[in-house]
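Notes for the structure review
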Amino acid sequence: MRPMQNFDVVVVGAGAAGLFCAGVAGQLGLKVLVIDHSDKVAEKIRISGGGRCNFTNLDTSAANFLGNNPNFCRSALSSYTPRHFTDLLQRHGIAFHEKHKGQLFCDRSSEDIIQMLLAECDAGHVTRWQPCSLKNIVFSASSPDASSISSYEIESDRGTIRCAAVVIATGGLSIPKIGATDLGYRIARQFGLRQVEPRPALVPLTFDGEAWAPYAALAGLSLPVQIETGSKKTKISFLEDLLFTHRGLSGPAVLQISSYWQAGTPIRINLAPGTEVLQALMHAKASSRKLIANELAHLVPSRLADAWVQAGASAGHDWQRPINEASDKALAALAERLTRWELTPTGTEAYKKAEVTAGGVDTRDLSSQTMESKQPGLYFIGEVVDVTGWLGGYNFQWAWASAYACAQGLAAKLLKEIALESETGAS
């Protein structure tokens, strides 16, 4: 039988948030163990950004996040900013660049970020058990009100561990092929914490096969669009690139809107943002005898123009004719459909294609300063929490910020208690 092993903190999950939290906590003086059921670390970092990891966004603010309480992330984000993280990269000699809208990427490889996190863990003398599965976790309160240090006993397939605090950094359900599980949600339920129903986010949208047939031939076509969903106070819009697929729509515009889209509701797309489509068509009508599709191809990609005029018949319009023969009403209908294309997705590509998971552990049950839950000594950080960022590096910044806040909170709580216990034991 293996002897009981003692640590101050056990971090469950060797992803971005878990490794960063462990490294900071270890360097602050805590004895930290990281466990993960996979033998690999930080697979999401490895595959993100085309292998170069979009590790943060210079424009990060609470406005770039959603959840039942979008302001929850404000404290952690203000305490650990993108500048703090880029300073860390510079200390490790990692070159990076801004690509688009504040998005920062590694010059060389996402592997640089992973090696940096492991080096930070080494600097904090962090112990890592991988692969190691958590089998059971039991809490023992040291006093009826849990006012002093309590303990957790964790059964793992590498033996039993006792610790004062547990950090859940298990991520969400997205991309199961790299090891995503629901362990974090199960632990939250075990200790009576509330949850917001998890759902795929930053995910392509799909449409009914028959209804999508006229557009399936556009698969591979990409163009800048304005996309929106919701109404009145819930309306949200993005100006990004859209990508047609065989099953529906993808690209940054659709991934962004998917986090806000509610099943059964429509999305609206302007396929020619910044263009006065009707004005351009009316001008062409007065000066051209070309087919409508040819004139439309000056405003949008020709493949899209061809598909659009062919779809006119289903809308009761004949757009397959010379533009000078078209009625003003027909051209107005064409412009309206192009600039306000309204369609209702039937679903998403689910967790297998989702970049992140929305929902998770309810922030009402967590401290925004330390990430500690209402269950003493149990902390939740990163994607497992009901904080979801936009596309573009925001979710990694939440991982770093929540991990840093957690590590600081752990040190503030535990180091004092550990010192007192040592003094008591010595006397």
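This text goes with the structure placed above it.
Summarised in this report is the structure supplied together with it. In this text, all values refer to a predicted model and were calculated from it rather than measured experimentally. (Residues numbered from 1 in each chain as written. Predicted model: local features only at pLDDT ≥ 70, side-chain atom pairs only at ≥ 80, totals over all residues. Heavy atoms only, no water.)

Right, let's get into the environment of Gln408. With respect to the element layout, Gln408 can be found in helix α14 (residues 394-426). You can call Gln408 partly exposed: its relative accessible area is 31%. Note: C-alpha distance between Gln408 and Thr370 (38 residues apart in sequence) is 7.1 Å. Here Gln408 is in contact with Val24 and Leu28, once residues within four sequence places are set aside. (Helix = DSSP H or I, 4+ residues; strand = E, 2+ residues; numbered from the N terminus. Buried < 20%, exposed > 50% of the residue type's maximum accessible area, 1.4 Å probe, protein only. Contact = heavy atoms within 4.5 Å.)

Per the stated rule, a full pass over the model turns up 24 aromatic pairs. A centroid spacing of 4.8 Å and a plane angle of 10° characterise the contact between Phe207 and Trp212, whose relative ring orientation is stacked. Looking at Trp212, the relative accessible area reads 3%, which means it is buried. Ring centres 6.2 Å apart and planes at 25° place the aromatic pair Phe244 and Trp341 in the stacked group. One end of the pair, Phe244, is in strand β14 (residues 236-244); the other, Trp341, is in strand β17 (residues 341-343), with 97 residues separating them in the sequence. (Phe/Tyr/Trp six-rings, centres within 6.5 Å; stacked < 30°, edge-to-face > 60°.)

Residue Pro131 follows Gln130 across a cis peptide bond; omega there is -10°. For Pro131, the position within the fold is in the loop between β7 (127-129) and β8 (134-140). At Ala42, a residue that is not glycine, the phi angle is positive and equals roughly 50°. Turning to its location among the elements, Ala42 is positioned in the loop between β2 (32-35) and α2 (43-47). The class for Ala42 is buried, based on a relative accessible area of 5%. A positive phi is found at His125, a non-glycine position, where the angle reads about 55°. With respect to the helices, strands and loops of the structure, His125 is situated in the loop between α5 (111-123) and β7. The class of His125 is exposed, set by a relative accessible area of 68%.

So, about the pattern of salt bridges. Considering all chains together, one arrives at 16 salt bridges under this definition. The closest approach of N and O atoms between Arg247 and Glu349, which form a salt bridge, is 2.9 Å. Taken as a pair, Arg247 in the loop between β14 and β15 (248-250) and Glu349 in the loop between β18 (347-348) and α13 (350-353) lie far apart in primary sequence, 102 residues in all. You can call Arg247 partly exposed: its relative accessible area is 47%. We classify Glu349 as buried; its relative accessible area is 8%. (Salt bridge = Lys/Arg side-chain N within 4 Å of Asp/Glu carboxyl O.)

Here the focus is the nonpolar core. With 133 residues, the main nonpolar core has Phe244 and Trp400 as its most contacted residues. Among the elements that line this core, the one with the most residues is α14, at 13 residues. When residues no more than four places from it in sequence are discounted, the contact partners of Trp400 are Ala16, Phe20, Ile45, Phe55, Tyr80, Phe85, Ile113 and Leu117. (Core = buried A, V, L, I, M, F, W, Y, C linked by side-chain atoms within 4.5 Å.)

What follows deals with the packing of helix α4 (residues 82-91) against α5. Taken N-terminus to C-terminus, the directions of α4 and α5 make an angle of 85°; their axes are 11 Å apart at the nearest point. Of the possible angle classes, the one that applies to α4 and α5 is roughly perpendicular. Residues Phe85, Leu88 and Leu89 of α4 lie in contact with α5, whose contacting residues are Ile113, Met116 and Glu120. Each residue belonging to the contact of α4 with α5 can be placed in one class, and the counts come to five nonpolar, no polar and one charged. (Axes fitted to C-alpha atoms, helices over the stretch in contact; angles between N-to-C directions. Parallel < 35°, antiparallel > 145°, perpendicular 65-115°, else oblique. Nonpolar A, V, L, I, M, F, W, Y, C, P; charged D, E, K, R; others polar.)

As a further point, take the sheet that holds β17. Two orientations exist for strands paired in a sheet by backbone hydrogen bonds: parallel and antiparallel. An order of β17-β16-β13-β14-β15-β12-β18 is seen for the seven strands of this open sheet, with the pairing classed as antiparallel. The open sheet terminates on both sides in strands that have one partner only, identified here as β17 and β18. Pairing geometry for strand β13 (residues 222-229) and strand β16 (residues 267-270), over four bridges, is antiparallel. Counted as the bridge partner of Gln226 is Asn270 from β16. Strand contacts of helix α12 (residues 328-339): β16 and β17, with the helix running at about 115° to β16, the strand carrying the most contacts. (Pairing = 2+ DSSP bridges.)

Okay, the side chain of Asp362 next. Along the chain, the position of Asp362 falls in the loop between β19 (356-361) and β20 (378-380). Polar contacts involving the side chain of Asp362 include one to the side chain of Arg364, which spans 2.8 Å. Each residue touching Asp362, except ones within four places of it in the same chain, is listed here: Arg194, Gln195 and Val196. (Polar contact = N/O pair within 3.5 Å; in protein donor to acceptor, adjacent residues only side chain to side chain.)

What follows is about the pairing of strand β5 (residues 96-100). In the sheet, β5 pairs with strand β6 (residues 103-106) via four bridges, with the strands oriented antiparallel. Bridged to His97 within β6 is Phe105.

Moving on, we come to the sheet that holds strand β3 (residues 54-57). Read across the sheet, three strands follow the order β3-β6-β5 without closing on themselves; strand pairing throughout is antiparallel. Two strands in the sheet have a free side with no partner beyond their single neighbour: β3 and β5. Adjacent strand axes in the sheet meet at a mean angle of 35° when their direction is disregarded. Pairing geometry for β3 and β6, over three bridges, is antiparallel. Residue Asn54 lies in a different strand from β6, and its bridge partner there is Phe105.

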